[in-house]
Amino acid sequence: MSSAIPLNVGIVRSAGVDADAPKRVLLAEPRGYCAGVDRAVVTVEKALEKHGAPIYVRKEIVHNRHVVETLRDRGVIFVDETDEVPEGALVVFSAHGVSPAVHESAAERNLHTIDATCPLVTKVHQEAKRFARDDFDILLIGHEGHEEVEGTAGEAPDHVQLVDGPDAVDTITVRDENKVIWLSQTTLSVDETMETVHRLRAKFPNLQDPPSDDICYATSNRQTAVKAMAPACDLVIVVGSRNSSNSVRLVEVALTAGARASYLVDYAREIDPAWFEGVRTVGLTSGASVPEILVEGVLEMLATYGYGEVQPVTTANETLVFSLPRELRTARS
C-alpha cells in the first residue's frame, strides 16, 4: 500500500522570514490521485470507450471540478438521483459509495449499473453491515450530508448515529454501552477524528475500535506530508475543490501544523498575488481527487513569481492499485 520513511526530510526551519533567503517551493509527496480516485475516473473513461456517450453518473464521480467538467465535455451526464436516468440506461455510481436503497432504485428502473465505489469505502460498508447484524450501536464519525456518510449510514440506518465532530459527542446516546463501535468517513482529519474518538471513549469506556483503520491511507499520507513541511512554510497552497473533504482538511492541517497561511484553489488562476507578500517558502500539495496537471499549472505560475527552486518533501511511497469493476476489466490495457 504505502511505505513510510522517516520524516527527517531535510527541511530547514527558521524562526522568521529571511528577506535574503531564496524563494522556494516545498512540494509534498505523496499528493494527488489516490488508488480509489484513479479507479473511479478510469472506470468512467473506459465506460465511455466501451458504450459511447452519453454515460450517466450518479453524483460527481470524484469531488474535483476539473475532472467533472472534463468528463462532462466528453459526454458524461451527472445526475443527483437514479430517477433522472432514462429507464434501461447505463449509470455509474461514484467513488463515494451508495446505500442499498440506491441500488434498489436503479434495479426498479432496469438501469445497467457499474459501481465505482472505492474499495476502502466498501470496506467500511461491510463493517457497518457486520456490526448491525450483531446489534451494535454504530457511531459513524463524519460530516453530515457527505455522500460517503449517506451511503455508509444507509447500510444500517437503524443502528448508525452520525457523530459530526468532537462537539457532537455530548448528544449521543446508546442502548447498551457494552455494544458500541465507532466507524469513520475515510477522508477525515486524522487528528480531529482521534479527538472525537477520545471524547466518545470518555463517555463510553467500552467503545470498540473498527477492525482496521477506516481513514484512507492516502488521506493519512497526504496529511502527514503537509505536517512535515508546514512549519517551514510561509504559505501552503492546496490544490483541490471546496466540496472535497480531504482537500479542505489539508488546509486545516497546514495551519494547525505551523504554516503562516494556507489557501485552497482549483486552478492556478485563482491564486492571489497578494498572498506572496513577504513569502519565501511556499508549500504545495493537492487533494486525493486532483490530477497532477493542475499542480503543474500552479508550479508554472509560482515560477513566474520567482519560486523556481522546488524541493520535494517525501514522507511515504504509495504503490496500491485497485482493479476496475468486473464489467470493465477486460477493457483495460
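Notes on the structure in this doc start here. Nothing here was measured: the structure is a model prediction, and the numbers come from that model.

## With respect to the overall build of the chain
Logical step 1: Within the chain, the secondary structure is distributed over nine helices and 14 strands.
Logical step 2: Radius of gyration (C-alpha) of the chain: 21 Å, near the 20 Å computed for a compact globule of 333 residues.
Logical step 3: On the principal axes, the C-alpha backbone points of the chain span a range of 65 × 55 × 35 Å.
Logical step 4: The 333 residues of the chain split such that 53% are buried.
Logical step 5: In the chain, 77% of the contacts between residues at least 6 apart in sequence involve partners at least 24 apart.
Logical step 6: A total of about 14600 Å² of accessible surface is found on the chain, and carbon and sulfur atoms cover 49% of it.

## Examining the pattern of salt bridges
Logical step 1: Summed over the entire model, instances satisfying the criterion amount to 20 salt bridges.
Logical step 2: Measuring nitrogen to oxygen at the nearest pair gives 3.9 Å for the salt bridge that ties Lys-59 to Glu-81. In this pair, Lys-59 is assigned in the loop between strand E3 (55-58) and helix H2 (65-73) and Glu-81 in the loop between strand E4 (76-79) and strand E5 (90-93), connecting sequence segments 22 residues apart.
Logical step 3: Judged by its relative accessible area of 17%, Lys-59 falls in the buried class.
Logical step 4: Among the residues examined, Glu-81 registers a relative accessible area of 34% and is labelled partly exposed.
Logical step 5: For Asp-167, the salt bridge goes to Arg-199, with nearest N and O atoms at 3.3 Å.

## A short note on the layout of surface pockets
Gaps left between atoms show up when a probe the size of a water molecule is rolled over them.
Logical step 1: Approximately 180 Å³ is the volume attributed to the second largest pocket.
Logical step 2: Arg-39, Gly-97, Val-98, His-103, Asp-115, Thr-117, Pro-119, Thr-122, His-125, Gln-126, Lys-129 and Glu-155 are the residues that line the second largest pocket.
Logical step 3: Here the lining of the second largest pocket takes five residues from helix H4 (residues 119-133), the largest share from any one element.
Logical step 4: Along the lines of polarity and charge, the residues of the lining of the second largest pocket split into two nonpolar, six polar and four charged.

## So, the environment of Asn-221
Logical step 1: Mapping Asn-221 onto the fold places it in helix H7 (residues 217-229).
Logical step 2: Distance in space between the C-alpha atoms of Asn-221 and Arg-31 is 8.3 Å, their sequence separation being 190 residues.

## Here we look at the sheet that holds E5
Logical step 1: Spatially, four strands are ordered E4-E3-E5-E6 in an open sheet, and the strand pairing comes out parallel. With partners counted over all chains shown, the strands left at the sheet margins are E4 and strand E6 (112-115), one partner each. Neighbouring strand axes in the sheet, compared pairwise and without regard to direction, differ in orientation by 30° on average.
Logical step 2: Of the strand pairs in this sheet, E3 and E4 are connected by four bridges, and their pairing is parallel. Bridge pairing in E4 links Ile-55 to Val-76.

Rules used throughout
Residues numbered from 1 in each chain as written. Predicted model: local features only at pLDDT ≥ 70, side-chain atom pairs only at ≥ 80, totals over all residues. Heavy atoms only, no water. Helix = DSSP H or I, 4+ residues; strand = E, 2+ residues; numbered from the N terminus. Rg over C-alpha atoms; globule rule 2.2 N^0.38 Å. Buried < 20%, exposed > 50% of the residue type's maximum accessible area, 1.4 Å probe, protein only. Contact = heavy atoms within 4.5 Å. Areas by Shrake-Rupley, 256 points an atom, 1.4 Å probe, with all protein chains shown as cover. Salt bridge = Lys/Arg side-chain N within 4 Å of Asp/Glu carboxyl O. 1 Å grid on protein atoms, 1.4 Å probe; cavity = no way out; pocket = protein on both sides within 12 Å on 5 of 7 lines; lining within 4 Å. Points joined across faces, edges and corners; volume = space filled by probe spheres on them. Nonpolar A, V, L, I, M, F, W, Y, C, P; charged D, E, K, R; others polar. Pairing = 2+ DSSP bridges. Axes fitted to C-alpha atoms, helices over the stretch in contact; angles between N-to-C directions.

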